[in-house]
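Here is what each chain is made of, one letter per residue.
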Amino acid sequence: MRPPVAPPGWSRWLVPPAALSVHLSIGQAYAWSVFKPPLESALHLSGTQSALPFQLGIVMLGLSAAFGGTFVERNGPRWAMTVALVCFSSGFLIAALGAATGQYWLIVLGYGFVGGIGLGIGYISPVSTLIKWFPDRPGMATGIAIMGFGGGALIASPWSARMLDAFGTDTDGIALAFLVHGLTYAVFMALGVLLVRVPRTEGARRPGVPGALDGPQVSARQAVRTPQFWCLWVVLCMNVTAGIGILEKAAPMITDFFADTATPVSVSAAAGFVALLSAANMAGRIGWSSASDLIGRKNVYRVYLGVGALMYLLIARFGDTSKPLFICCALVILSFYGGGFATVPAYLKDLFGTYQVGAIHGRLLTAWSTAGVLGPLIVNRVADHQEAAGRHGSALYGLSFAIMIGLLLVGFVANELVRPVHPRHHIPAPREADDDHPAEHTAP
């Protein structure tokens, strides 16, 4: 399925909304926690069991992005968005069947496995196209789209909660909510499928703006053989681990930190804190990625990793003495978490060119799958051990925060080791006319 080539005079600013229609939809994944309590009550599940669909979805996101990235490059963004639409929406429909019949394994299969494939393909689907349309501002362009993934939960959370209030929290109500999600997201994502265009050679090149295929180009197959790719893998993994460590346990964490003070945090205040973190995650994706166009990718990752380590240190030392300090530091860390996701496609473009940047990005997202397991494991396992040892309050998190500081410093060093890719990995200059025929892009 080849996407239509943009006609002369077609505005490139129509491409980010096409990407947003997909990312705002698949960003629902961050709102899975809304369904956890009803599922636990209706199907008699433990907290660990109710988390399985989300965990499997994140794992499949990384795996499908890695294995499907080359197919996305070959077949173009319209094909990728269509696959994402079918998988993500049908995942909800399978989950609805599972809820209606009381078969939890169908919910895990639908939302986690099938829907997770839609997450991965949908996440990388617009990256290469956006960079080709905006070779002058790749950080801003990818930041706009990936911002949608971070902000999807801001729409999905209240919407899902209202549906459960209206339909009920028994199996029938949950099934109906899943059904509405699947059908609605299918319509919304279809807007992106219909709207997306690839640039003509002459349309992509503007006066004073470099062409999309200017500079050295590296295939996906060669990219994974370079030290630069694996340095960036470590950078992304460490940054995501540090952010998701707070995000996954945000509400109980702030409650624990101030449980022994004169001003404990209420349940509603903890929920408000989670909403603030989501907003910081979303804002960081467009703000920091746009800043990277001005100060450079390496410099902005120095900020993410170096300042992020400082924020963790401040929380560990003084977080339980000041709520404003705790909240501000956590918001900064989450803005770095979101910014890291949005900046990395432009960083890849700077190092490897645009030839197969979508496929390279997909392979790099295995770092997200790793961090999605590593971050929550560190924070929860350490807190459980500290609680078993009789500690409470902020003492539950001191050791895990020290580990996070160490991981961020590892990422900082990895970022410093990034250098331009050696010419032996470059491919012969691909014909820019190939932009009009993405199906012809194959790894050498």
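Residues numbered from 1 in each chain as written. Predicted model: local features only at pLDDT ≥ 70, side-chain atom pairs only at ≥ 80, totals over all residues. Heavy atoms only, no water.

Participant: Just checking my understanding: could you explain the overall build of the protein for this structure?
Facilitator: Check the secondary structure of the protein and you find 19 helices and 0 strands. The C-alpha radius of gyration computed for the protein amounts to 22 Å, which stays within 12% of the reference 22 Å derived for 444 residues, consistent with globular compactness. The C-alpha extent of the protein, read off along each of the three principal axes, is 65 × 50 × 35 Å. Counting every position in the protein, which comprises 444 residues, the buried fraction comes to 55%. Put simply, 84% of the contacts in the protein that link residues at least 6 apart link residues at least 24 apart. Split by element, the accessible area of the protein, about 16700 Å² in all, is 67% carbon and sulfur. If you average the places of the 28 positive and of the 22 negative side-chain charges in the protein, the two averages end up 8 Å apart. (Helix = DSSP H or I, 4+ residues; strand = E, 2+ residues; numbered from the N terminus. Rg over C-alpha atoms; globule rule 2.2 N^0.38 Å. Buried < 20%, exposed > 50% of the residue type's maximum accessible area, 1.4 Å probe, protein only. Contact = heavy atoms within 4.5 Å. Areas by Shrake-Rupley, 256 points an atom, 1.4 Å probe, with all protein chains shown as cover. Lys, Arg positive; Asp, Glu negative; His and termini not counted. Charge placed at Lys NZ, Arg CZ, Asp CG, Glu CD.)

Participant: Got a minute to help me understand helix H2 (residues 36-43) in this structure?
Facilitator: Listing the buried residues of H2 in full gives Pro38, Leu39 and Leu43. Along the long axis of H2, the arc covered by the buried residues comes to 100°, so they all point the same way. Residues of H2 that are buried sit in contact with helix H6 (104-124), helix H8 (138-167) and helix H9 (171-195). Just downstream of H2 lies His44, where phi reads positive at about 60°. (Arc of directions from axis to C-beta.)

Participant: For this particular structure, what's the right way to read the state of the cysteines?
Facilitator: In protein structure, a disulfide is the covalent linkage between the sulfur atoms of two cysteines. Tallying each qualifying case throughout the model produces 0 disulfides. With no disulfide partner, Cys329 has as its closest neighbouring cysteine sulfur the one in Cys328, 7.0 Å distant. (Disulfide = S-S within 2.5 Å.)

Participant: Even after reading the chapter, I still don't get the packing of aromatic side chains, so can you show me in this structure?
Facilitator: Any pair of aromatic rings gets described here by the distance separating the centres and the angle formed by the planes. Going through the model one piece at a time under the given rule, you end up with 32 aromatic pairs. Taken together, the ring pairs connect Trp32, Phe35, Phe88, Phe92, Tyr111, Trp159, Phe178 and Tyr185 into an aromatic cluster. Its guanidinium or amino end placed over the ring of Phe71, Arg74 lies 6.0 Å from that ring's centre, counting from NZ or CZ. Of note, Lys323 hangs over the ring of Phe258, and the distance from its end group to the ring centre comes to 5.8 Å. (Phe/Tyr/Trp six-rings, centres within 6.5 Å; stacked < 30°, edge-to-face > 60°. Lys NZ or Arg CZ within 6 Å of the ring centre and 35° of its normal.)

Participant: Quick question: what am I supposed to make of the confidence of the model for the protein here?
Facilitator: In low-pLDDT segments, the atomic positions of the prediction should not be examined closely. On average, residues of the protein carry a pLDDT of 86, and 92% of them reach 70 or more. When pLDDT is averaged over each element of the protein, helix H19 (residues 398-416) comes out on top at 96 and helix H10 (residues 201-204) at the bottom at 47. In the model, residues 431-444 has pLDDT below 50 throughout and makes 43 contacts with residues more than four positions away in sequence or in other chains. (pLDDT = per-residue confidence, 0-100.)

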